[in-house]
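Next come the chains, spelled out residue by residue.
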Amino acid sequence: MIFKNIYIESDVKEHDFTKNILRSLKATEYQEIDKIENYWGKVKKPYLQKRDTLNLFIGEKKGALIKKAPHAYGFSSEPHYYFIHAYNCIYECQYCYLQGYFNSPDIVLFTNHHDIINQMKNITDEVGPCWFHAGEYSDSLALSHLTNEWPLYWKFFENNPDAKLELRTKSSNIKAIEKLTPLENVCVTFSLSDAKNAKNFDLKTPPIETRLKAIKKLVDSGFRIGIHYDPIVYHPDYLKTYKEITDKLKDILPDGQLSYISLGVVRFTKEVYNQVKQNYPQSKISHQPFIKSFDGKVRYTRPLRSKILNEIKQQLIDAQYLPEKIYLCMED
Amino acid sequence: MQLLVFAHRAEAQIFLKKLPYRWVSTPFGGYYQGDHTAILLTGEGLQNATESLSSLLSFLGDQISEVINLGVCGALDESIPPNTIYSLRTAYCENEFKSFSTDQGKEALDCFSARQRITHKMDKKRLSVFAPLVDREVWAIGSVCKRFQKSWRAYKIVSDIAATETMCGEIYQDAAFYSQELYQFYEKNVSQWVSTQVAGSREKLPDKLEKQGFYFTFSQRNLLKNLFEKYSILNDVSEKKFLDSRLVQELKKQKIKPKLKSEKLLHALYAELFPLQQEIVEKLEQIKNNLKKENIHFEYDRTLESPLVNFQIDVSQPTTLTSVPLQEIQKQLGG
């Protein structure tokens, strides 16, 4: 089992969702706790302990279930929201902001999906067409074969075409969703980087080739696909290596089934950057030519950002993807 | 000198018998000094450990190279066998957000420092979510070592399962056994580690370069350290390979002052690390010099982050704004 210990809130131990996870994990032992917040993040658990002692907490999410996304977060001018159904991720990307965002790397899975869906309904009724994103605080598909929550959401999005769903992932775990009928308003988006950066920085994630195979499978089944080239990490050969991945992508993903491609260069808040340097002092990610940029974040200089983004955007246009489907994520 | 920290004298008794320590009178508790190691007895609990260790490190900080905490702990996880010695990975504490970690890997266990002895099963169950071991001092030792920038480790022998029937007196009776076990473990695993650490210390890069005709000021030494660290990691270049590189060898041969050699080396390293930035700055500097001839003063953000530039023009002098290459400046700042 990938988890060292499992902790379950007493109130949800009989919940179908909880039982389903335990069954999928073939877990026979767990410890009952009162409330997750009395333990998880209560003390600072070092991020890299996820390598050896990753724990799982199951409980009910209190407080905000859906939050408004920041400016330049998503494609199109429609309002964007992200919803919180889990915290943390089984992968270990060296640039991941979760290492400085939460005080514990332990995974939390929330059980109150019905509450999230009710709130989605209220928001859609109020604002009209809008986007809901999964994967802000966790990978939306990595554990989906255990959690199996997406059929619930599918029903809502089938009946509410104004609401759009993005499932953001770095995994190739499409078992749970490939059984579902593709919907026009549901888009599965894959974060990709060139093979060199993926190997260096995306630890424990499926190789790029495996992710491409998963994309092809979903394309063949009729799903709408989005791509995130984000974060792009500079190295002297980046143009060559990104062209290689774009060439592979154009062979399997026709523009007709592409929802959008987002481009973003690596960036950190100061706190996250300090954590990255602490966790990966010998990694190339900790020694990039960064500066403190216009919004206080740690990034490449503006000329380098512009050069990288413009050149990769041009590669995508040369590969016959429509320019209007390409957007720059979190850039002014 | 390596400092061995114990809470109780009983835990340290075999160390004090076997090694040639002498008691030193200090205002901060039991302190015993040997040739290469010293022992501090702090007394039980977080407060005692904090006070004793921080006083000692304020007093003798430069002499202490590493702090090793040794002692007895309880198990919160019932599957942990008694009388086993564990190295500790991370120390947590009740009502304290911060945690302190040693450099020990996955074979090590985490430990929770409790403010009181754990006598109730409910407390044991609650704390077991945080760590499998419990003691009374290690968090304080980690905290003080972090403040004093000392490397530290901790090794604990498990005496019993917390909140069981075991009485303190029973543990005290077995103290000689625990101390003996800790001593044997220390002799076998810990003292050898220290000797390899000492053997590993070596000459620094600026010193090596200075032997080859370079000269670095204090700030240049720091700059070299930062640039070379980036350069070596980004380009997978070892220190030896760098010293043998054409860049260093050619600079070494040049008949210029040592300080100028160092400046050229730092400049070359910077250009290697930030080629685009270097190229843009050189072009903007060229534009700046050309504009100066036209009595136009041009300034830009040296980090290249801001797209705002400033021009100062003396209107009393005959000049023309058409000589300002705005498009070229925009192109450069746009990468």
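(A) Up close: the overall build of chain A. Looking only at helices and strands, chain A features 11 helices and 17 strands. A compact globule built from 332 residues should have a C-alpha radius of gyration of about 20 Å, and chain A, at 20 Å, falls within 12% of that. The buried share of chain A, reckoned over its 332 residues, is 61%. The long-range fraction of contacts in chain A, counting pairs at least 24 apart against all pairs at least 6 apart in sequence, stands at 77%. Counting only carbon and sulfur atoms, one obtains 50% of the accessible surface of chain A, whose full area is about 13600 Å². The average position of the 46 basic charges and that of the 41 acidic charges among the side chains of chain A differ by 5 Å.

(B) Broad picture of the interface of chain B and chain A. Counting residues at the interface gives 34 residues for chain B and 38 residues for chain A. Of the roughly 2800 Å² buried between chain B and chain A on both sides combined, carbon and sulfur atoms contribute 58%. The largest contributions to the chain B side of the interface with chain A come from Phe97, Val129 and Glu305 of chain B, which together make up 24% of the buried area. Where chain B touches chain A, the interface holds 3 salt bridges. Glu305 of chain B is the partner of Arg305 of chain A in a salt bridge, and the nearest nitrogen-oxygen pair spans 3.1 Å. Along the contact surface separating chain B from chain A lie 12 residue pairs in polar contact (both at pLDDT 80 or more). Put simply, the parts of the chain that give the side of chain B that touches chain A at least two residues each are strand E6 (85-93), strand E7 (96-101), helix H3 (121-128), helix H8 (218-235), helix H12 (275-293) and helix H13 (326-333) of chain B.

(C) Structural view of the sheet that holds strand E6 (residues 86-87) of chain A. Residue and element names in this part refer to chain A. The 5 strands are arranged E2-E1-E3-E8-E6 in an open sheet whose pairing can be described as mixed. What marks the edges here is a single partner per strand, and that holds for strand E2 (31-33) and E6. The pairing of strand E3 (residues 56-59) with strand E8 (residues 107-110) spans 4 bridges and is parallel. Considered in E8, the bridge of Phe57 is made with Val108.

(D) Up close: the packing of helix H2 (residues 46-60) of chain B against helix H4 (residues 138-147) of chain B. Residues and elements named next belong to chain B. Where H2 contacts H4, the axes come no closer than 8 Å and their chain directions differ by 30°. As summarised for this structure, H2 and H4 are arranged roughly parallel, according to the angle between their axes. The handedness of the crossing between H2 and H4 is right-handed. On H4, the residues touching Leu46, Ala49, Thr50, Leu53, Ser54 and Leu57 of H2 are Trp139, Ala140, Ile141, Val144 and Cys145. Here the residues of the contact of H2 with H4 sort into 9 nonpolar, 2 polar and no charged.

(E) Representation of H12 of chain B. The end-to-end C-alpha distance of H12 of chain B is 28 Å, a good match for the 27 Å that 19 residues give at a rise of 1.5 Å each. Turning to H12 of chain B, its buried residues number three or more, namely Leu276, Gln277, Gln278, Ile280, Val281, Leu284, Ile287, Lys288 and Leu291 of chain B. On the buried face of H12 of chain B, the contacting elements are helix H11 (302-318) of chain A together with helix H11 (258-273), strand E11 (296-300), strand E12 (309-313) and H13 of chain B. Residue Asn295 of chain B follows H12 of chain B closely and has a positive phi angle near 65°.

(F) Quick peek at the sheet that holds strand E4 (residues 66-68) of chain A. All names here are of chain A. Here we have 8 strands laid out as an open sheet, ordered E4-E5-E9-E10-E11-E13-E14-E17, and mixed in their pairing. The sheet is open, and its two edges are formed by E4 and strand E17 (326-328), each paired on a single side. The sheet shows a mean angle of 25° between the axes of neighbouring strands, taken without regard to direction. Here strand E13 (residues 224-232) runs beside strand E14 (residues 258-265); their pairing, made up of 6 bridges, is parallel. Looking at the pairing, Ile225 lines up with Leu258 of E14. The strands touched by helix H8 (residues 208-221) within the sheet are strand E11 (186-191) and E13, with E11 carrying the most contacts at an inclination of about 165°.

(G) Local environment of the pairing of E11 of chain A. All names here are of chain A. E11 sits mainly inside the fold: 6 of its 6 residues count as buried. The alternating pattern of E11 places Val186, Val188 and Phe190 on one face and Cys187, Thr189 and Ser191 on the opposite face, and all of these are buried. Pairing between strand E10 (residues 163-169) and E11: 5 bridges, direction parallel. Bridge pairing in E11 places Leu167 opposite Val188. As paired elements, E11 and E13 share 5 bridges and run parallel to each other. Note that in E13 the partner of Ser191 across the bridge is His228.

(H) Structural detail: the packing of aromatic side chains. Counted under the stated rule, the structure contains 42 aromatic pairs over all chains. With a centroid separation of 5.5 Å and an interplanar angle of 35°, the aromatic rings of Phe268 of chain A and Tyr273 of chain A are classed as tilted. Take Phe268 of chain A and Tyr273 of chain A: they sit in the same class, and that class is buried. On the numbers, 5.7 Å between centres and 35° between planes, the contact of Phe298 of chain B with Tyr300 of chain B is tilted.

(I) The domain arrangement of chain B, seen in detail. As assigned here, chain B comprises domain 1 (2-190), domain 2 (205-273) and domain 3 (276-333). Here the C-alpha centre of domain 3 of chain B lies 32 Å away from the C-alpha centre of domain 2 of chain B.

(J) Spatial organisation of unusual backbone geometry. Residue and element names in this part refer to chain A. Cis peptide bonds are those with omega within 30 degrees of zero, and the linkage from Asp230 to Pro231 qualifies with 5°. A positive phi is found at Lys26, a non-glycine position, where the angle reads about 55°. Along the chain, Lys26 falls in the loop between helix H1 (16-25) and E2. Positive phi, normally seen in glycine, also occurs at Gln320, with a value near 75°. Positionally, Gln320 belongs in the loop between H11 and E17. Exposure remark for Gln320: the relative accessible area of 62% places this residue in the exposed category.

Cut-offs used in this document
Residues numbered from 1 in each chain as written. Chains lettered and ligands numbered in written order. Predicted model: local features only at pLDDT ≥ 70, side-chain atom pairs only at ≥ 80, totals over all residues. Heavy atoms only, no water. Helix = DSSP H or I, 4+ residues; strand = E, 2+ residues; numbered from the N terminus. Rg over C-alpha atoms; globule rule 2.2 N^0.38 Å. Buried < 20%, exposed > 50% of the residue type's maximum accessible area, 1.4 Å probe, protein only. Contact = heavy atoms within 4.5 Å. Areas by Shrake-Rupley, 256 points an atom, 1.4 Å probe, with all protein chains shown as cover. Lys, Arg positive; Asp, Glu negative; His and termini not counted. Charge placed at Lys NZ, Arg CZ, Asp CG, Glu CD. Buried area = accessible area lost by both parts, 1.4 Å probe. Salt bridge = Lys/Arg side-chain N within 4 Å of Asp/Glu carboxyl O. Polar contact = N/O pair within 3.5 Å; in protein donor to acceptor, adjacent residues only side chain to side chain. Pairing = 2+ DSSP bridges. Axes fitted to C-alpha atoms, helices over the stretch in contact; angles between N-to-C directions. Parallel < 35°, antiparallel > 145°, perpendicular 65-115°, else oblique. Left-handed = near helix turned anticlockwise from the far one by under 90°. Nonpolar A, V, L, I, M, F, W, Y, C, P; charged D, E, K, R; others polar. Expected span 1.5 Å × (residues − 1). Phe/Tyr/Trp six-rings, centres within 6.5 Å; stacked < 30°, edge-to-face > 60°. Domains from an automatic or database assignment.

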